[in-house]
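# Structure at a glance
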Amino acid sequence: MTRPVIMGVLNVTPDSFSDGGFWLDPDDAVTHAGELVAAGADIIDVGGESTRPGSGRVELTDELDRTLPVVSALVGAGITVSIDTMRAEVARRATEAGAAYINDVSGGLADPEMASAAADSGCDVILMHWRGHSSDMYARAHYDDVVGEVVAELTGRVEEFTSAGVPPERIILDPGLGFAKSFEHNWQLLRGIGALVALDHRVLVGSSRKGFLGSVGRAEGHSRPPLERDVATAVTSAYLTGTGVWGVRVHDVRSTVDAVDVAVALLGPQDPPDRGGGPQTWERVAQ
Ligand code: PMM
């Protein structure tokens, strides 16, 4: 059984939906990143633009000012950094400063320069499923078959990035839970995550603290606040551990580490899932 990589979220924004304003001061951000790593995070994902539902864009200069000092400090401390941005310029500057991953929630749709920036960087790039900016994304949450359409749309994104020169093995796919998705769409995507895993790319999933986790069971009909969704998040991390995903992106690393440890112990050594690509493919997923 292989453990998923754990990506810890570090939002240097005043307005992210669960931790907005917590780590806006660069010193606080660096301290918190150290806590996440000590708790077991493998990668720290630094973001300077909130994508909470309804939010508008941040200015490029503000995004650079928020993220670059933190990226540089974390790289200097030997931490593996991902830059969460929809802007090619931010991706370029952050990877020049040593970020190892570009995490583009728009999958390259927000900035036509992103694919070439990713190719030039030589870094791994996370392409998330996205249908438009957060200001009106729920108007686009219409699917006949959400799993099939997410797979098809991500496949189109992969084609753009590989045509721009990004090697396929550098591309990581993400279903984009909460982005132009209803709560029910998110559940369907989690249940159907095997269809993404079967695409022969690494898969990252970001369920952390999202609304659908706070509106289920006893919480149905009233939303539990984001900071009270970490147990629910950890349950999804445990569930995903058995599915062949490469990584999970979470705010509370400690609870996900526990959940993944328990899932690995329960599941035990397993044969690689039949993904059509044979053992070599599985080994790459497990890296
Ligand atoms: N979700 C958020 C931001 N960035 N990146 C990826 N790859 N996947 C996600 O699901 C995702 C993301 C939502 O905002 P947050 O930073 O407050 O979690």
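Residues numbered from 1 in each chain as written. Predicted model: local features only at pLDDT ≥ 70, side-chain atom pairs only at ≥ 80, totals over all residues. Heavy atoms only, no water.

Moving on, we come to the site of the ligand. The ligand sits among 16 residues. The nearest are Asp84, Asn103, Asp174, Lys210 and Arg249. Note that an oxygen atom of the ligand is positioned 2.6 Å from one of the side-chain N or O atoms of Lys210. If the ligand stood free it would expose 410 Å²; the protein chains cover 96% of that surface. Taken together, the elements giving at least two residues each to the shell around the ligand come down to strand E1 (5-11) and strand E5 (124-128). When the residues that make up the shell around the ligand are grouped by side-chain class, the tally is seven nonpolar, five polar and four charged. (Near = heavy atom within 4 Å. Polar contact = N/O pair within 3.5 Å; in protein donor to acceptor, adjacent residues only side chain to side chain. Areas by Shrake-Rupley, 256 points an atom, 1.4 Å probe, with all protein chains shown as cover. Helix = DSSP H or I, 4+ residues; strand = E, 2+ residues; numbered from the N terminus. Nonpolar A, V, L, I, M, F, W, Y, C, P; charged D, E, K, R; others polar.)

In this section: the nonpolar core. By size, the foremost hydrophobic cluster in this structure holds 62 residues, and its most contacted members are Leu10, Ile44, Val46, Leu74 and Phe161. Sorting elements by how many residues they give to this core places helix H5 (residues 146-163) first, with seven residues. Excluding residues that lie within four positions of it along the chain, Leu74 makes contacts with Leu10, Val30, Ala33, Ile44, Val46, Ile79 and Val81. Val5, Met7, Ile172 and Leu204 belong to the second largest nonpolar core, which has eight residues in total. (Core = buried A, V, L, I, M, F, W, Y, C linked by side-chain atoms within 4.5 Å. Buried < 20%, exposed > 50% of the residue type's maximum accessible area, 1.4 Å probe, protein only. Contact = heavy atoms within 4.5 Å.)

Here the focus is the sheet that holds strand E7 (residues 202-205). Pairing within the closed barrel is parallel, and its eight strands lie in the order E1-E2-E3-E4-E5-E6-E7-E8. Strand-to-strand twist of the sheet, defined as the mean angle between neighbouring strand axes without regard to direction, takes the value 25 degrees. The strands that helix H1 (residues 26-39) touches are E1 and strand E2 (43-47); relative to E1, the one it contacts most, it runs at about 160 degrees. (Pairing = 2+ DSSP bridges. Axes fitted to C-alpha atoms, helices over the stretch in contact; angles between N-to-C directions.)

A few words now on the side chain of Thr85. Residue placement: Thr85 occurs in the loop between strand E3 (81-84) and helix H3 (88-96). Given a relative accessible area of 2%, Thr85 falls into the buried group. A polar side-chain atom of Thr85 sits 2.6 Å from a polar atom in the side chain of Glu63. At 3.0 Å, the side chain of Thr85 and the backbone nitrogen of Arg87 are in polar contact. Among all residues touching Thr85, those that are not within four sequence positions of it are Glu63, Val90, Ala91, Asn103, Asp104, Val105 and Met114.

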